Amino acid sequence: MSKTPKSFDKELFFRALAERTRLRLLNLMGEDEVCVCFFVEILKTNQPKISRHLAYLRRAGIVGARREGQWMHYRIVEPADSDAVRVLKDVMAWLAVDAEMERDRQRLVRICCAPQLPISIQGAPRPAMFQTA
């Protein structure tokens, strides 16, 4: 007897997108992979709260994670459902033109492009788009 593949959880997907902090996290990830410590620094929210939101996004099939030593890196992944992919792309396009989300991205750029990272995240790997050779 073969197993039926688990169907995509639409309710979980939409609940994941229905929370401001999770939208801000998705906006900051964009097309890059970002260390959780940068989210904490930019959103001025404690690490356990950020981690709970990221775990929710992972369960919804929107975010993937990778560990590098002590650092956890998060990135947006393509959902398993083609309709969800389309919705996520539309949401990301909408976030790209939102004033608050733009301010978050500008803070990420300022922090990542600074000659020295803030003390709280010194030693953290910068997102790939901000790394220099």
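See the structure above.
Residues numbered from 1 in each chain as written. Predicted model: local features only at pLDDT ≥ 70, side-chain atom pairs only at ≥ 80, totals over all residues. Heavy atoms only, no water.

J.: Tell me about the sheet that holds strand E1 (residues 34-35), and please be specific about residues and values.
T.: Spatially, the three strands line up as an open sheet ordered E1-E3-E2, and their pairing is antiparallel. Unpaired on one side and paired on the other, E1 and strand E2 (63-68) mark the two borders of the sheet. By the bridge criterion, six bridges tie E2 to strand E3 (residues 71-76) in an arrangement that is antiparallel. Residue pairing across strands places arginine 66 opposite histidine 73, the latter belonging to E3. (Pairing = 2+ DSSP bridges. Helix = DSSP H or I, 4+ residues; strand = E, 2+ residues; numbered from the N terminus.)

J.: Talk me through the packing of aromatic side chains; I want residue IDs and the actual numbers.
T.: Scanning all chains against the criterion turns up two aromatic pairs. An angle of 85° between the planes, with centres 5.3 Å apart, marks the rings of phenylalanine 13 and phenylalanine 14 as edge-to-face. Taking the relative accessible area as the measure of exposure, phenylalanine 14 reaches 47% and is therefore partly exposed. An aromatic cluster of three or more residues is present, and its members are Phe8, Phe13 and Phe14. Sitting over the face of the ring of tyrosine 56, arginine 22 holds its NZ or CZ atom 4.0 Å from the ring centroid. (Phe/Tyr/Trp six-rings, centres within 6.5 Å; stacked < 30°, edge-to-face > 60°. Buried < 20%, exposed > 50% of the residue type's maximum accessible area, 1.4 Å probe, protein only. Lys NZ or Arg CZ within 6 Å of the ring centre and 35° of its normal.)

J.: Talk me through helix H3 (residues 36-43); I want residue IDs and the actual numbers.
T.: Buried residues dominate H3, accounting for seven of its eight residues. Taken residue by residue, H3 has Val36, Cys37, Phe38, Phe39, Glu41, Ile42 and Leu43 as its buried positions. Residues of H3 that are buried in the fold lie against helix H2 (20-29), E1, helix H4 (47-59), E3 and helix H6 (99-113). Backbone geometry just downstream of H3 places lysine 44 in the positive-phi region, at approximately 55°. (Contact = heavy atoms within 4.5 Å.)

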